[in-house]
Amino acid sequence: MRKLIAFAALAAVAAPVWAATRTVTLSIPSMHCAMCPVTVKEALSKVPGVSKIAVSLAKKDAVVTFNDRKTTAAALTKATRDAGYPSTVEP
Ligand SMILES: [Cu+2]
């Protein structure tokens, strides 16, 4: 029992290391009106592992934070493309 508690404590401390969080900026040139960012945000929010999304219509981009153990940047661009907004990862 004591060992189990020690392990649980260790796991809690180590968790942020296991969960490799990444942030990418997706360029989405086809966003043209106020509804576009809403659609894009909804599509991205359905991708497992995505924790934060900030879509800017003015900059025509989306800043997405995700767990790269659960998803990839390619899955994010696929999600926006499937929603009708092709995107590319900004370098
Ligand atoms: Cu629109």
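Everything below is about the structure shown above.
These remarks concern the structure in this document. (Residues numbered from 1 in each chain as written. Predicted model: local features only at pLDDT ≥ 70, side-chain atom pairs only at ≥ 80, totals over all residues.)

1. Section: the overall build of the protein chain
Quick reminder of the rule: The helix and strand labels rest on DSSP assignments: H or I over at least four residues marks a helix, E over at least two residues marks a strand, and numbering proceeds from the N terminus. Two residues qualify as a contact pair if the distance between their C-beta atoms, derived from the backbone, is within 7 Å.
Looking only at helices and strands, the protein chain has three helices and four strands in total. Within the protein chain, residue pairs in contact and separated by at least 24 positions form 60% of the contacts whose partners lie at least 6 positions apart.

2. Thoughts on the nonpolar core
Our working definition: Take the buried Ala, Val, Leu, Ile, Met, Phe, Trp, Tyr and Cys residues, join any whose C-beta atoms are within 7 Å, and the set you get is a nonpolar core. Each residue is classed by its C-beta neighbour count within 10 Å, where at least 20 other C-beta atoms makes it buried, 12 or fewer makes it exposed, and intermediate counts make it partly exposed; the C-beta atoms are placed from backbone geometry.
Counting 14 residues, the largest nonpolar core has Ile28, Val40, Leu44, Ala62, Val64 and Leu76 as the members making the most contacts within it. Every element with two or more residues in this core is listed here: helix H2 (35–45), strand E2 (50–56), strand E3 (61–67) and helix H3 (73–82). Excluding anything up to four places from it in sequence, leucine 44 contacts Val50, Ile53, Ala62, Val64, Leu76, Ala79 and Thr80.

3. Digging into the environment of valine 40
Tracing the sequence through the fold places valine 40 in helix H2. Residue class for valine 40 comes out buried when judged on the 26 C-beta atoms lying within 10 Å of it. When the C-alpha positions of valine 40 and valine 55 are compared, they lie 7.6 Å apart, and in sequence the two are 15 residues distant. When near neighbours in sequence (up to four residues on either side) are disregarded, valine 40 contacts Ile28, Met31, Val55, Ala62, Thr80, Ala83 and Tyr85.

4. What about the packing of H2 against H3?
The criterion, for reference: Geometry is summarised by axes, namely lines fitted to C-alpha atoms with helices restricted to the contacting stretch, and by angles between N-to-C directions that run from 0 to 180 degrees. Oblique is the label for any angle not under 35 degrees, not over 145, and not in the 65 to 115 range, which are roughly parallel, roughly antiparallel and roughly perpendicular in turn. Note on convention: the crossing is left-handed when the near helix lies turned anticlockwise from the far helix by less than a right angle, right-handed when the turn is clockwise. Classification used: nonpolar for Ala, Val, Leu, Ile, Met, Phe, Trp, Tyr, Cys and Pro, charged for Asp, Glu, Lys and Arg, polar for all others including Gly.
H3 packs onto H2 with a crossing angle of 135 degrees between their chain directions and a minimal axis gap of 9 Å. Taken together, H2 and H3 sit at an angle that is classed as oblique. Viewed along their axes, H2 and H3 form a crossing whose handedness is right-handed. For the pair H2 and H3, contact is made by Val40, Ala43 and Leu44 and by Leu76, Ala79, Thr80 and Asp82, respectively. Considered class by class, the residues forming the contact of H2 with H3 number five nonpolar, one polar and one charged.

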